[in-house]
2 protein chains.
Amino acid sequence: MSIEPRKALAKLKPYLPGKSKKEIEEQTGRSDILRASFNETPLGPSPRALRAIREFLPDIHLYPEGSYKSLRAKLAKLWGREAENFIIGDGTDEVITLLAQTFVNPGDEVIIGEPTFGAYRLGVAIQGGVIVPAPLLKFQYDLEVFLNAVSGRTRLLYLCNPNNPTGAYIDKKSLEAFLNRLPGHVLVVLDEAYADYAEAEDFPPGNDYLDRYNIIVLRTFSKMYGLAGLRIGYGLANRGIIYNLNRVREPFNVNQLAAVAAEAVLDDSEYLELSRQTNRQGKTYLYRRLTEMGLNFSATEANFIWLEIGADSKQLVADMLAEGITVRGGYAFNNPEWIRYTISRQEENERFVRTLEIVLSRYKAASRT
Amino acid sequence: MSIEPRKALAKLKPYLPGKSKKEIEEQTGRSDILRASFNETPLGPSPRALRAIREFLPDIHLYPEGSYKSLRAKLAKLWGREAENFIIGDGTDEVITLLAQTFVNPGDEVIIGEPTFGAYRLGVAIQGGVIVPAPLLKFQYDLEVFLNAVSGRTRLLYLCNPNNPTGAYIDKKSLEAFLNRLPGHVLVVLDEAYADYAEAEDFPPGNDYLDRYNIIVLRTFSKMYGLAGLRIGYGLANRGIIYNLNRVREPFNVNQLAAVAAEAVLDDSEYLELSRQTNRQGKTYLYRRLTEMGLNFSATEANFIWLEIGADSKQLVADMLAEGITVRGGYAFNNPEWIRYTISRQEENERFVRTLEIVLSRYKAASRT
């Protein structure tokens, strides 16, 4: 009476989800939780998105328009492309899975940075592919490492730009030199989940390279667009790549409320600009205060900051939680003495810094005794 | 500059979605479209679901609680099971894909009825599995055919109960005899998408058999529960099967509005009862009228009726659409002279019958000249 799973799955463990806002409120007995562990926007949802959802509610008993035509047309306009250059996913996570299903056979290799976003690995593992790690150097991309990792069996190569959890980015010159040297059998997956926050002048949007290289750009509505709970993201690539991904996409893979909300946020320039401003202000403040505290941190082009706490991050995550603040522990990225903090609103950033100072000073006092 | 997909995908074509409500309104210039091609509820969404969604809207910028704990707990209570017996999917379609990813290696066999729901095939094809067809006999299940199709390489066997598109069901005695004879290496997937509508006294809910046999029951919120646009369904099985499916499930695979809406509909007994009543009334009416018209149809335990029109269903679908009614053509199920009509509200069913009479009489007149 037991049915064995495929052998390729032997090492895969089910994902253990973090606690929900409600659960954390119950656990801590607080209602003032500052959630800074998921890189969500601190602004709440876009008012335009909410309006679009409310208007669509009477039709939620109907199946979605399964090609998400209207949203793709809007994205095409935004990027100067055509609707056929886009695939909409149940979060970018689904597009990542579709990429593995489409291109990775057992034994094929996929090059993935370290540390980086964990989700790139799942799809590859399911397909029986081989993950080839490419370490970042001092949390920065050195694309030489990625080039050296390429073999005849390499199918995909993931670049998260800016990188999660480090905030580092690949500049235009480095990316172009890399693309010119990369063998033509490798598909570059340029995950731009955080690119909306990038301000560096030499930050290179992947869209500029689609015509000359094998690239798919991944974008999400979960961060600056404020729709993480609705699960929607997309891939942008040449038609051939999109066509092949559509072979494995389920019809109706994305819920219709996400699609109408995404369209609405694309028009909400006021909301998006406020997001950029808030992040810019927070970054300036945090750079200054963390420097004053003598903490080591990585420069960021994203909406989070990666910093060295010189203590066990598991302990710090627990101690910050007791004060009502959730941060992401670096142990999850094999850097146990670092944490990732989501840049929030000014008063929230101040609370974070104040609380971090108190918690770290407790550690110092304890180590002195 | 081209990246080849896996060879296993060579025969897969992207899904061509049907037109949305809005597109059909534009195409026909009508606002009175009767949409009877997707087996959606004719009642619109549950008021309780709408309320739950509205209340949750301020939090849609936050990632979902990725284990859908609260919904699973509610389902556990409903079915007399535990939360660990459930996996929540981005529609039942996703659970179907996860099943193939978890259990089907290249060359493994999956037995699928004919005609039946088309989505069972996609996941199997992606995995390089072999689809073994098991024809229904006069649109009824003969499980002998399924037993004869079993080989040493069979991994999954799909039973859609009641069956889409025929409405036929497998009775308790037949199912039990079948389960007792089925070899232990085969996992039975009992798709109960339409079981909420079943009224036959000997209809066997799959939940009764989970402890003794290798079964996973699939249920959806897209039909009677009125949430097709939100994409949510679930699998119900023993813990071992659910654990293995969770190995390949993406974190946050289901949007949070779907999860809160699903919980709310589970409590909306008034709405569900109205759905059952409406369907019962519609069935009685349609049985009578279609018989009067001399049309051949299949008895149904679902919310649709499968009927023989004695004409090309592609043509009929177009002619009905011109009158503002969408039905599903049997050509999509290799039965070109049949159609599937979603049982709707009384006045809508009357309109369907009236329109069908007119369209069919035109065909008769044309064949006489």
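Every chain is numbered independently, its residues counted from 1 as its sequence is written. Chain labels run from A onward and ligand labels from 1 onward, assigned in the order the entries are written. With the structure being a predicted model, the display of local features is reserved for residues of pLDDT at least 70 and the display and counting of side-chain atom pairs for 80 or more, all residues being used for whole-chain, interface and lining totals. Excluding hydrogens and water, the side-chain figures rest on all heavy atoms present in the structure.

### Considerations on the environment of Leu-227 of chain A
So, step 1. Labels follow the DSSP assignment, with helices taken as runs of H or I lasting at least four residues and strands as runs of E lasting at least two, numbered in each case from the N terminus. Note that Leu-227 of chain A resides in the loop between strand E7 (215-220) and strand E8 (233-237).
So, step 2. When accessible area is computed with a 1.4 Å probe and restricted to protein chains, residues below 20% of their type maximum are described as buried, those above 50% as exposed, and intermediate ones as partly exposed. On the basis of relative accessible area, Leu-227 of chain A is assigned to the buried category, the value being 0%.
So, step 3. For the pair Leu-227 of chain A and Phe-139 of chain A, spaced 88 residues apart in sequence, the C-alpha separation works out to 28 Å.
So, step 4. Any two residues whose heavy atoms approach within 4.5 Å are treated as being in contact. Contacts of Leu-227 of chain A, omitting those with residues within four sequence positions, involve Ala-49, Phe-221, Ser-222, Ile-232, Ala-258, Ala-261, Ala-262 and Val-265 of chain A together with Ile-60 and His-61 of chain B.

### Some thoughts on the domain arrangement of chain A
All names here are of chain A.
So, step 1. Domain start and stop points were drawn from an automatic or database domain assignment. When its domains are assigned, chain A resolves into domain 1 (18-44 + 270-368) and domain 2 (58-266).
So, step 2. Taken over C-alpha atoms, the centre of domain 1 sits 27 Å from the centre of domain 2.
So, step 3. Residue-level contacts link 23 residues of domain 1 with 25 residues of domain 2.
So, step 4. Using a 1.4 Å probe, buried area is obtained as the accessible area two parts lose upon being combined, added over both of them. With both chains or domains summed, domain 1 and domain 2 bury close to 2,000 Å², and 56% of this area falls on carbon and sulfur atoms.
So, step 5. For domain 1, the biggest contributors to the area lost against domain 2 are Leu-272, Glu-301 and Phe-333; these three give 30% of the whole.

### Concerning the relation of the copies chain B and chain A
So, step 1. Least squares is used to superpose the copies, and the fit set is the C-alpha atoms of residues whose pLDDT is at least 70 in both copies. You can overlay chain B on chain A at an RMSD of 0.0 Å; the transform is a turn of 180° with a shift of 0.0 Å along its axis. One copy is carried onto the other by what is essentially a two-fold rotation axis.
So, step 2. Here 100% of the interface residues in chain B have copies in chain A that are interface residues too; the copies meet face to matching face.

### Concerning the environment of Thr-154 of chain A
Residues and elements named next belong to chain A.
So, step 1. As for its placement among the helices and strands, Thr-154 is situated in strand E5 (residues 154-160).
So, step 2. For Thr-154, a relative accessible area of 0% gives the class buried.
So, step 3. Here a polar contact is recorded for every N or O atom pair within 3.5 Å, except that within protein the pair must consist of a potential hydrogen donor and a potential acceptor, and residues adjacent in sequence are included only if both atoms are side-chain atoms. A polar side-chain atom of Thr-154 sits 2.7 Å from the main-chain amide nitrogen of Ser-151.

### As for the sheet that holds E5 of chain A
Residues and elements named next belong to chain A.
So, step 1. A pair of strands is labelled paired if DSSP reports no fewer than 2 bridges between them. Taking strand neighbours across the sheet as the criterion, the seven strands line up as E2-E8-E7-E6-E5-E3-E4 in an open arrangement whose pairing is mixed. Across the chains shown, the open sheet's two edge strands, defined by having one partner strand only, are strand E2 (86-89) and strand E4 (130-135). Taking each pair of neighbouring strands and ignoring which way they run, the sheet shows an average axis angle of 25°.
So, step 2. Pairing of strand E6 (residues 187-191) with E7 involves four bridges; the strand directions are parallel. Each bridged residue has a counterpart across the sheet, and for Val-189 the counterpart in E7 is Ile-216.
So, step 3. What counts as an axis is a line fitted to C-alpha atoms, over the stretch in contact for a helix, and the angles between N-to-C directions run from 0 to 180 degrees. Set on the sheet, helix H3 (residues 69-79) makes contact with E2, E7 and E8; between it and E2 the angle comes to about 125°.

### As for the sheet that holds strand E11 (residues 338-342) of chain B
Residue and element names in this part refer to chain B.
So, step 1. Ordered in space as E1-E10-E11-E9, the four strands form an open sheet in which the pairing is mixed. Two strands in the sheet have a free side with no partner beyond their single neighbour: strand E1 (34-36) and strand E9 (304-308). Put simply, the sheet's adjacent strands are angled 30° from each other on average, direction ignored.
So, step 2. Taken together, the three bridges between E1 and strand E10 (residues 325-329) define a ladder with parallel strand orientation. Pairing of Arg-35 across the sheet is with Thr-326, part of E10.
So, step 3. The sheet contacts of helix H11 (residues 313-322) involve E10 and E11, and relative to E10 the element is tilted by about 170°.

### A few points about the pairing of strand E11 (residues 338-342) of chain A
Residue and element names in this part refer to chain A.
So, step 1. Of all the five residues making up E11, five are buried; the element is thus mostly covered by neighbouring parts of the structure.
So, step 2. Alternating residues of E11 divide into Trp-338, Arg-340 and Thr-342 and Ile-339 and Tyr-341, and every residue in both groups is buried.
So, step 3. Of the strand pairs in this sheet, strand E9 (residues 304-308) and E11 are connected by five bridges, and their pairing is antiparallel. Within the sheet, the bridge partner assigned to Ile-305 lies in E11 and is Tyr-341.
So, step 4. As paired strands, strand E10 (residues 325-329) and E11 are joined by two bridges and run antiparallel to one another. Looking at E11, one finds that Arg-328 is bridged to Arg-340.

### Describing the side chain of Asp-90 of chain B
So, step 1. The topology assignment puts Asp-90 of chain B in the loop between strand E2 (86-89) and helix H4 (92-103).
So, step 2. Charged residues are defined narrowly, with Lys and Arg counted positive, Asp and Glu counted negative, and His plus the chain ends left uncounted. Any carboxyl oxygen of Asp or Glu that lies within 4 Å of a side-chain nitrogen of Lys or Arg is treated as forming a salt bridge with it. Summary of buried charges: Asp-90 of chain B has no salt-bridge partner, and the nearest side chain of opposite charge, Arg-231 of chain B, is 5.2 Å away.
So, step 3. The contacts of Asp-90 of chain B, once residues within four sequence positions are left out, are Asp-90, Glu-250 and Asn-253 of chain A together with Arg-231, Ile-232, Asn-253 and Val-254 of chain B.

### Looking at the side chain of Thr-342 of chain B
Residue and element names in this part refer to chain B.
So, step 1. In this fold, Thr-342 is placed in strand E11.
So, step 2. You can call Thr-342 buried: its relative accessible area is 1%.
So, step 3. From its side chain, Thr-342 meets the backbone oxygen of Ala-36 in a polar contact 3.0 Å long.
So, step 4. With residues near it in sequence (within four places) discarded, Thr-342 still touches Ala-36, Ser-37, Phe-38, Asn-39, Glu-40, Asn-303 and Phe-304.

### Describing the interface of chain B and chain A
So, step 1. Taken together, the 84 residues of chain B in the interface contact 85 residues of chain A.
So, step 2. Summing the contributions of chain B and of chain A, the shared interface buries around 7,200 Å²; its carbon and sulfur component is 60%.
So, step 3. Broken down residue by residue, the surface that chain B buries against chain A is led by Ile-3, Tyr-63 and Arg-247 of chain B, which jointly contribute 12%.
So, step 4. Taking the shortest distance from any N to any O, the salt bridge between Lys-69 of chain A and Glu-23 of chain B comes out at 2.6 Å.
So, step 5. Between chain B and chain A we count 34 residue pairs in polar contact (both at pLDDT 80 or more) in total.
So, step 6. When contributions to the side of chain B that touches chain A are tallied by element, the ones reaching two or more residues are helix H1 (21-28), helix H2 (47-56), H4, helix H5 (120-126), helix H8 (239-248) and helix H9 (256-266) of chain B.
So, step 7. Residues belonging to the side of chain B that touches chain A are distributed by class as follows: 37 nonpolar, 24 polar and 23 charged. Classification convention: Asp, Glu, Lys, Arg as charged; Ala, Val, Leu, Ile, Met, Phe, Trp, Tyr, Cys, Pro as nonpolar; all other residues, Gly among them, as polar.

### A word on the confidence of the model for chain A
So, step 1. Taken as a whole, chain A shows an average pLDDT of 96; of its residues, 100% reach a score of 70 or greater.
So, step 2. Model confidence for the complex is summarised by a pTM of 0.96, with the ipTM given as 0.97. Residue-level confidence of the predictor, termed pLDDT, takes values from 0 up to 100.

### Observations concerning the packing of helix H2 (residues 47-56) of chain A against helix H9 (residues 256-266) of chain A
Residues and elements named next belong to chain A.
So, step 1. Where H2 contacts H9, the two axes come as close as 8 Å, and the packing angle between them is 140°. In terms of their interaxial angle, H2 and H9 are classed as oblique. Between H2 and H9 lies a crossing whose hand is right-handed. Together, Arg-48, Ala-49, Ala-52, Ile-53 and Phe-56 of H2 and Gln-256, Leu-257, Val-260, Ala-261, Ala-264 and Val-265 of H9 make up the contact between the two elements.
So, step 2. Partitioned by chemical class, the residues of the contact of H2 with H9 number nine nonpolar, one polar and one charged. The scheme is simple: roughly parallel for angles under 35 degrees, roughly antiparallel for over 145, roughly perpendicular for 65 to 115, oblique for anything else. Working rule for handedness: look at the near helix, and if it is turned counterclockwise from the far one by less than a right angle, call the crossing left-handed; if clockwise, right-handed.

### Quick notes on helix H3 (residues 69-79) of chain B
All names here are of chain B.
So, step 1. Residues Leu-71, Arg-72, Leu-75, Ala-76 and Trp-79 constitute the buried set of H3. When H3 is viewed along its axis, its buried side chains cluster within an angular range of 140° and face the same direction.
So, step 2. Packed against the buried residues of H3 are E2, strand E7 (215-220), strand E8 (233-237) and H9.
So, step 3. Downstream of H3 by a residue or two, Gly-80 has a phi angle that is positive, lying close to 65°. Directions are taken from the helix axis to each C-beta atom, and the arc is the one they span.

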